[in-house]
Amino acid sequence: MSFFVPTRFVWRFGGRQVHLCGSFTRWVETIPMASVDGTPGVFAVVVHLPPGALALRGAVLGPVQALGGCYHQYKFIVDGKWMHDETAPYMPDPLGNVNNWLFVRKIDPPAAAPGPPGEGDVDMAAADSVVAPIILHNEREPDLTKKKVSDFLHAHSAYELIPESGKVVLLDLDLPIRQAFHALHEQGIASAPLYDSAYGAVVGVISASDFIHTLRRLRHAVSSGSNPLSEAEMDAHTIRSMREEGLGEGRPPKPLVFVRPGDSLAAVVRTLFAARCSSAPILGGAPGQPSGCVLHIATLSGVLTCLMRHFRASLASLPLLAQPLGALPLGTWAPDSQFGPAAAAAEAAAAAAAGDAGGGMANGGLVGQKDRAAAAAAGKGGGEGGVVAGRTVAPLHAVTPGMPLTSALGMLLDAGVSALPVVDEGGVLQDIYARADITKLCKGNAYNRLQWEDVTVGQALSLSSANPAAWSQASAGSGGHLLVPDYAVQANPHLADSQLRGGAPGAAAGASFSASQSLAGGRVAVAFRDDPLRAVVERLAAPGVRRLVVVDRATRRVQGLVSLSDVAAYLFL
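Owing to the predicted nature of the structure, the values given are computational and were not obtained by experimental measurement.

Draft legend 1. Broad picture of the overall build of the protein chain. Along its length, the protein chain carries 18 helices and 26 strands. Here the protein chain holds 573 residues, and 45% of them are scored as buried. Counted over contacts in the protein chain with a minimum sequence separation of 6, partners at least 24 positions apart contribute 67%.

Dropping the structure here:
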């Protein structure tokens, strides 16, 4: 007597026509799926599957018989395209395809007298019982994933980065610097293309770094005995004059970096990395001709978002994304960070053999104000460092809330980094100060006070909160909120909020932040070394997120930094 288990297959990701195909149809016949009433974009079908009556045929062509049941592989055909359900168990086959799979248990015949027809069938709850997903190791990784990413980048153009509706902010070259400063702050952006009305074209880009240079120059002038500039005197200095002064000081304006709508995404990535920038305007008009038509701003984040959108329903076809962050050659890590006992021992042995182990430092391998000279001499990593198992291991640049803001700005420029973790004396993450945060000084014209007053990092960060406290009342140890992604909480529901979002270890429970508070008003995007690369990519693809601070789950001590450019270079180049 043959028994078949009724199994319901559901596709929840939209489409006009959806079919089901799998090992139970010999990968030849397709089964049409019906749309679910009242749920747009959802399709379902019930198929009666044998729980083990078929012979073993391998992992590609037929179901696999196992003890007590049978494995079936299947896939969906959505509007003519083969897709798999990322939320269901999946596995790659020897040909590099990714299929969903289902384990159907063998059901013993009922011992009681036969009842009405259908009584011997198994209900859906039992039919859907599955074991943990099987992810096979592919020796071709990471080359397989990188090849698919490369194919995507070459097959798509910058047109796909341009939204259907949006705005682009252009600043006139003759606009006063102070007004440009306020314009960036009001628009919530850190840079903008510069339009030269005399030339009739975009000629460059102004960024947060330009304002940092300007504020440092004003501070130096006052320190040398000059009088602080009034707002009217500041308005006499335009963006054009700032660029001319920079040229006289040996800092010529950088040439305009741009892309065209027809450029492939691969060409966009190459252009951005060659110019060492994270964004570039997409210019319309005839190639080779000056253009004032800015269609959009191309960014590495936008390319990453486009990639994730394309593979939204088939991320398992990129197996590299399932690897944990700590196992990949990504980011910059503090010398005292660990990647598990076995990996740490292997890396230590390799580092000892190569003679390039990172040098340890007090305070968890963080470079503070006292180490600025050494950090500037050593470059981005700061201090002694090296490469361990493909990862950059070096003391990380960091600041404390009580450090003078002028010192932090100097560290940003001298070390060539885009952001500095804000930590307490124990190396516990409190906040982060990025170059783009310089625009926050527009609140209450706070930049005026920077000409003569020793503003601290903590005071400057207080301007980023919804209700900033007065600088005279701001605590030197005040910090921001930690933004902990949902996946971290879902994967570790047993962790206390104080370990993930609250203050330093031992802080009162009332000081911790709930998930809704931290996600709504958080400033710091964090990650853990065992997070999958997929979660890291999705987090960096979010608007405004340029880097992730890797912290220890229990102590919140900073272990490393993973930037958008780190991930883009690893996947795209």
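Draft legend 2. Examining the sheet that holds strand 1 (residues 5-11) more closely. Here we have three strands laid out as an open sheet, ordered 1-5-4, and antiparallel in their pairing. Each edge of the sheet is formed by a strand with only one pairing partner; in this case those strands are strand 1 and strand 4 (34-35). Direction of pairing for strand 4 relative to strand 5 (residues 43-49): antiparallel, over a ladder of two bridges. By the bridge assignment for strand 5, Ser 35 is matched with Phe 43.

Draft legend 3. Representation of the packing of aromatic side chains within the structure. Throughout the structure, instances matching the rule amount to seven aromatic pairs. Residues Phe 9 and Phe 24 carry aromatic rings whose centres are separated by 5.6 Å and whose planes lie at 35 degrees to one another, so their mutual orientation is tilted. Placement of the pair is Phe 9 in strand 1 and Phe 24 in the loop between strand 2 (18-22) and strand 3 (31-32), with a sequence separation of 15 residues. Take Phe 9: its relative accessible area is 3%, and that puts it in the buried class. Ring geometry for Trp 11 versus Phe 13: centroids 4.9 Å apart, planes at 75 degrees, classification edge-to-face. The exposure class of Trp 11 is buried, given its relative accessible area of 1%. Taking relative accessible area as the criterion, Phe 13 reaches 25% and is therefore assigned partly exposed. Clustering of aromatic rings is evident, with ring pairs tying together Phe 9, Trp 11, Phe 13, Phe 24, Tyr 74 and Phe 76. In this structure, Lys 146 packs its charged tip against the face of Tyr 570, placed 4.1 Å from the ring centre.

Draft legend 4. Focus on the confidence of the model for the protein chain. Averaged over every residue, the pLDDT of the protein chain is 73; the share at 70 or more is 68%. Per-element confidence in the protein chain is highest for helix 7 (residues 265-274), whose mean pLDDT is 96, and lowest for helix 16 (residues 515-521), whose mean pLDDT is 30. Scored below 50 in pLDDT, residues 350-364 makes 26 contacts in the model with residues more than four places away or belonging to other chains. In the model, residues 468-521 has pLDDT below 50 throughout and makes 87 contacts with residues more than four positions away in sequence or in other chains.

Draft legend 5. Spotlight on the pattern of salt bridges. All chains considered together, the criterion is met by 10 salt bridges. Across the salt bridge formed by Glu 86 and Arg 534, the nearest N and O atoms sit 3.0 Å from each other. Pair noted here: Glu 86 is in the loop between strand 8 (81-83) and strand 9 (90-92) and Arg 534 is in helix 17 (residues 533-540), with a separation of 448 residues, a long-range link. With a relative accessible area of 11%, Glu 86 lands in the buried category.

Draft legend 6. Structural context of unusual backbone geometry. With phi around 50 degrees, Asp 79 is a residue other than glycine that occupies positive phi space. For Asp 79, the position within the fold is in the loop between strand 7 (69-78) and strand 8. Look at Arg 276: it is not a glycine, yet its phi comes out positive at around 55 degrees. Within the secondary structure layout, Arg 276 lies in the loop between helix 7 and strand 14 (279-283).

Draft legend 7. Representation of the sheet that holds strand 11 (residues 171-172). Taking strand neighbours across the sheet as the criterion, the three strands line up as 11-12-13 in an open arrangement whose pairing is mixed. On the outer flanks of this sheet lie strand 11 and strand 13 (201-207), each paired with one strand and no other. As defined by bridge partners, strand 11 adjoins strand 12 (residues 191-196) across two bridges and the pair is classed as parallel. Paired with Leu 171 across the strands is Leu 194, a residue of strand 12.

Draft legend 8. Molecular detail of the side chain of Asp 552. Within the secondary structure, Asp 552 sits in the loop between strand 25 (547-551) and strand 26 (558-563). The charged side chain of Asp 552 is buried without a salt bridge, its nearest counter-charge being Arg 529 at 4.2 Å. Excluding residues that lie within four positions of it along the chain, Asp 552 makes contacts with Arg 529, Arg 557 and Gln 559.

Draft legend 9. The pairing of strand 25, seen in detail. Among the five residues that make up strand 25, five are buried, leaving the element largely enclosed by the rest of the structure. Judged by which residues are buried, strand 25 turns out to be covered on both faces: Arg 547, Val 549 and Val 551 on one side and Leu 548 and Val 550 on the other are all buried. In the sheet, strand 24 (residues 524-527) pairs with strand 25 via two bridges, with the strands oriented parallel. Residue Ala 527 lies in a different strand from strand 25, and its bridge partner there is Val 550. Handedness of the β-α-β unit built from strand 24, helix 17 and strand 25 comes out right-handed. Pairing of strand 25 with strand 26 involves five bridges; the strand directions are antiparallel. The residue bridging Leu 548 from the neighbouring strand is Val 562, located in strand 26. Where strand 25 folds back onto strand 26 in an antiparallel hairpin, the turn is made up of six residues, including Arg 556, whose phi is positive at roughly 65 degrees.

Draft legend 10. Local environment of the packing of helix 2 (residues 143-155) against helix 8 (residues 300-310). Axis separation between helix 2 and helix 8 bottoms out at 11 Å; the angle between their running directions is 110 degrees. Considering their axes alone, helix 2 and helix 8 lie roughly perpendicular with respect to each other. For the pair helix 2 and helix 8, contact is made by Val 149, Phe 152 and Leu 153 and by Val 303, Cys 306, Leu 307 and His 310, respectively.

Draft legend 11. Here's a closer look at the environment of Arg 178. Among the structural elements, Arg 178 can be located in helix 3 (residues 177-187). The spatial distance from the C-alpha of Arg 178 to the C-alpha of Ile 239 is 9.1 Å, given a sequence separation of 61 residues. Residues contacting Arg 178, with those up to four places away along its chain left out, are Glu 231, Met 234, Asp 235, Asn 445 and Tyr 447.

Draft legend 12. Quick look at the packing of helix 2 against helix 18 (residues 564-572). At a closest axis distance of 8 Å, the pairing of helix 2 and helix 18 adopts a crossing angle of 95 degrees. Comparing the axis directions of helix 2 and helix 18 gives the class roughly perpendicular. In contact with Lys 146, Val 149 and Leu 153 of helix 2, helix 18 contributes Tyr 570, Leu 571 and Phe 572. When grouped by side-chain class, the residues that make up the contact of helix 2 with helix 18 number five nonpolar, no polar and one charged.

Draft legend 13. Seen up close, the nonpolar core. If you look at the biggest cluster of nonpolar residues, it comprises 44 residues, and the most contacted ones within it are Leu 533, Leu 571 and Phe 572. Breaking this core down by element, the ones donating at least two residues are helix 2, helix 7, strand 14, helix 8, strand 24, helix 17, strand 25 and helix 18. Look past the residues within four positions of Phe 572 in its chain and what remains in contact with it is Val 149, Leu 153, Val 269, Val 303, Leu 304 and Leu 307. Counting 41 residues, the second-largest nonpolar core is a separate cluster that includes Ile 177, Val 417, Cys 442 and Val 457.

Rules behind the numbers
- Residue positions are counted from 1 within each chain, in the order its sequence is given.
- Owing to the predicted nature of the model, reporting of local features is limited to residues with pLDDT of at least 70; listing and counting of side-chain atom pairs is limited to 80 or more, with chain, interface and lining totals taken over all residues.
- Excluded from the side-chain calculations are hydrogens and water; all other atoms, namely the structure's heavy atoms, are used.
- Runs of H or I in DSSP of at least four residues are treated as helices and runs of E of at least two as strands, each being numbered from the N terminus.
- A simple rule labels every residue: compare its accessible area, found with a 1.4 Å probe on the protein chains alone, to the largest value its type can have, and call it buried under 20%, exposed over 50%, or partly exposed in between.
- By the convention used here, residues are in contact when the closest approach between their heavy atoms is within 4.5 Å.
- Should DSSP find at least two bridges between two strands, the strands are regarded as paired.
- Aromatic pairs are defined between Phe, Tyr and Trp rings, using the six-membered ring for Trp, whenever the two ring centres lie within 6.5 Å; interplanar angles under 30 degrees are classed as stacked, those over 60 as edge-to-face, and all others as tilted.
- Two conditions define a charge sitting above a ring: the NZ of Lys or the CZ of Arg must be within 6 Å of the ring centre, and it must be within 35 degrees of the ring normal.
- For every residue, the predictor assigns a confidence score, pLDDT, that lies between 0 and 100.
- Definition used for salt bridges: Asp or Glu carboxyl oxygen within 4 Å of a side-chain nitrogen of Lys or Arg.
- Counted as positive: Lys and Arg. Counted as negative: Asp and Glu. His and the chain ends are not counted at all.
- When the strands point away from the viewer, a crossover counts as right-handed if the route from the first strand across the helix to the second turns clockwise.
- Where helices are involved, their axes are fitted lines through C-alpha atoms of the stretch in contact, as for all axes, and angles between N-to-C directions lie from 0 to 180°.
- For classification purposes, an angle smaller than 35 degrees is called roughly parallel, one larger than 145 roughly antiparallel, one from 65 to 115 roughly perpendicular, and anything else oblique.
- Under the scheme applied here, ten amino acids are nonpolar (Ala, Val, Leu, Ile, Met, Phe, Trp, Tyr, Cys and Pro), four are charged (Asp, Glu, Lys and Arg), and all others, including Gly, are polar.
- For this analysis, a nonpolar core means a set of buried residues of the types Ala, Val, Leu, Ile, Met, Phe, Trp, Tyr and Cys, connected via side-chain atoms within 4.5 Å.

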